[in-house]
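Below, each chain spelled out in residue letters.
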Amino acid sequence: IATVAFEREARVSEYRIDPAGMGPPLRHLDIVIPRNELRYNQGIETVTRTHEGARIVIAERSIDANGDIFAAILEGPEKGVFKVRRSDGYDITDGALMPDGDILVLERRFSVSHGVGMRLRRLAAETIRKGSLADGPVLMEANLAYQIDNMEALDVWRRDDGALMISMLSDDNQSFLQRTLYLEFRLVE
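Quick summary incoming for the structure in this document. Position labels on residues start from 1 in each chain and follow its written sequence. Residue-level local features of this predicted model are given only where pLDDT is at least 70; pairs of side-chain atoms are given and counted only at 80 or more, and the full residue set underlies all totals for whole chains, interfaces and linings. Think of the side-chain values as coming from all heavy atoms in the structure, minus any hydrogens and water.

### Focus on the pattern of salt bridges
The rule for a salt bridge is simple: a side-chain nitrogen of Lys or Arg has to be within 4 Å of a carboxyl oxygen of Asp or Glu. Applying the stated criterion to the full structure yields 18 salt bridges. Two residues, Arg 122 and Asp 100, come together in a salt bridge whose shortest N-O distance is 2.8 Å. With Arg 122 in strand S10 (residues 115-123) and Asp 100 in the loop between strand S8 (91-97) and strand S9 (103-111), the pair connects residues that are 22 residues apart, well separated along the chain. The network of salt bridges with shared partners includes Arg 85, Asp 88, Glu 107, Arg 119, Arg 121 and Asp 135. Note on conventions: DSSP H or I runs of at least 4 residues are helices, E runs of at least 2 residues are strands, and numbering of each starts at the N terminus.

What follows is the structure in structure tokens.
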């Protein structure tokens with residue numbers, strides 16, 4: 001089963017992955033976040049799961065009055081809205097569950113004054129709760145002095161030798177100004 005978020009027309013749907021072809025959605029999940037809070041083309045960008053299987057969604061840049069990003073747990077006893085602290089003009093483009101239950105988020109920014117930037121931030125599992133404000137330390141930050149671009153995809157996985165790996169992917173958006181890049185890092189704790 002694949003869980004898919006649609007950013008412009010806010011919804012989260014589940015599809016059966018079938019080699020014979022995709023069918024209609026199996027179901028639509030209650031996104032919990034008030035739809036009027038999800039900005040056009042800045043809505044739900046991240047879908048991940050807890051170890052128990054509950055889906056978690058985080059918006060790209062749909063922010064509240066305090067400037068924090070809307071997020072939600074879509075199932076289970078903790079079902080409800082929480083927020084992710086937004087800082088330094090970064091927007092969230094993806095997230096992945098860590099083995100200890102923390103969520104690693106990939107963030108990017110673009111401004112005339114700062115240029116292109118990306119960072120990885122680790123949200124503590126205990127801050128990912130209904131009504132809370134999730135936050136955590138920055139693990140890595142980079143700008144165009146490094147080999148980055150429009151970083152949009154993230155995965156955390158374990159290599160055969162046990163090393164915890166982080167994979168990131170950029171999207172060139174079919175633009176000659178951007179590149180598609182695959183970056184891979186080993187997380188040393």
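### Points about the sheet that holds strand S6 (residues 69-73)
The pairing criterion is simple: DSSP has to find at least two bridges between the two strands. Pairing within the open sheet is mixed, and its five strands lie in the order S4-S5-S6-S7-S11. The sheet is open, and its two borders are formed by strand S4 (44-49) and strand S11 (133-134), each paired with just one other strand. Sheet topology places S6 next to strand S7 (residues 80-84); five bridges connect them, and they run antiparallel. Among the inter-strand pairings, Ala 71 is bridged to a residue of S7, identified as Phe 82.

### With respect to the sheet that holds strand S2 (residues 11-15)
Read across the sheet, three strands follow the order S1-S2-S3 without closing on themselves; strand pairing throughout is antiparallel. The sheet is open, and its two borders are formed by strand S1 (2-6) and strand S3 (27-29), each paired with just one other strand. Within the sheet, the average angular offset between the axes of one strand and its neighbour, ignoring direction, is 30 degrees. Here S1 runs beside S2; their pairing, made up of five bridges, is antiparallel. Bridging from a neighbouring strand, Thr 3 pairs with Glu 14 of S2. Lines fitted to C-alpha atoms define the axes, with helix axes restricted to the stretch in contact, and inter-axis angles between N-to-C directions lie between 0 and 180 degrees.

### Considerations on the environment of His 51
Tracing the backbone shows His 51 in the loop between S4 and strand S5 (55-63). Residue classification places His 51 among the exposed positions, given a relative accessible area of 51%. Note: C-alpha distance between His 51 and Tyr 40 (11 residues apart in sequence) is 30 Å. With residues up to four places along the chain from it excluded, the contact list for His 51 reads Leu 97, Met 98, Pro 99, Asp 100 and Gly 101. N or O atoms within 3.5 Å of each other form a polar contact, as long as, within protein, one can give a hydrogen and the other can take it, and as long as residues adjacent in sequence are counted only when both atoms are side-chain atoms. From its side chain, His 51 meets the backbone oxygen of Met 98 in a polar contact 3.2 Å long. Burial status follows relative accessibility: with a 1.4 Å probe on protein chains alone, a residue under 20% of its type maximum counts as buried, one over 50% as exposed, and anything between as partly exposed. Contacts are assigned to residue pairs with any non-hydrogen atoms lying within 4.5 Å of each other.

### Observations regarding unusual backbone geometry
The backbone of Val 32 shows a phi angle near 70 degrees, a positive value even though the residue is not glycine. In this structure, Val 32 sits in the loop between S3 and S4. Phi is positive for Asp 88, which is not a glycine, with a value near 60 degrees. Inspection of the secondary structure puts Asp 88 in the loop between S7 and S8.

### Topic: the packing of aromatic side chains
Ring geometry is summarised as follows: Phe, Tyr and Trp rings, the Trp one being its six-membered ring, pair when their centres sit within 6.5 Å, and such pairs are stacked at plane angles under 30 degrees, edge-to-face over 60 and tilted between the two. All chains considered together, the criterion is met by zero aromatic pairs. Whether a charge sits over a ring comes down to the Lys NZ or Arg CZ being within 6 Å of the ring centre and within 35 degrees of the ring normal. The ring of Phe 6 has Arg 11 sitting right over it, with the charged end atom 3.8 Å from the ring centre.

### Points about the side chain of Thr 127
Relative to the helices and strands, Thr 127 is located in the loop between S10 and S11. Not counting residues up to four positions away in its chain, the partners in contact with Thr 127 are Phe 82, Ser 132, Leu 133, Ala 134 and Asp 135.

### Quick notes on the environment of Met 22
Among the structural elements, Met 22 can be located in the loop between S2 and S3. Beyond its immediate stretch of four places on either side in the chain, Met 22 contacts Tyr 15, Arg 16 and Ile 17.

### Some thoughts on the nonpolar core
Ranked by internal contacts, the top residues of the largest apolar core, which has 27 residues, are Ile 58, Phe 82, Val 84 and Ile 128. Contributions of two or more residues to this core are made by S5, S6, S7, S8 and S9. The element best represented in this core is S6, accounting for five residues. We call a set of buried residues a nonpolar core when its members are Ala, Val, Leu, Ile, Met, Phe, Trp, Tyr or Cys and they connect through side-chain atoms within 4.5 Å of each other. Met 118, Ala 142, Leu 154 and Val 156 belong to the second-largest nonpolar core, a separate cluster that totals 14 residues.

None of the figures reported here should be taken as evidence of function without further support.
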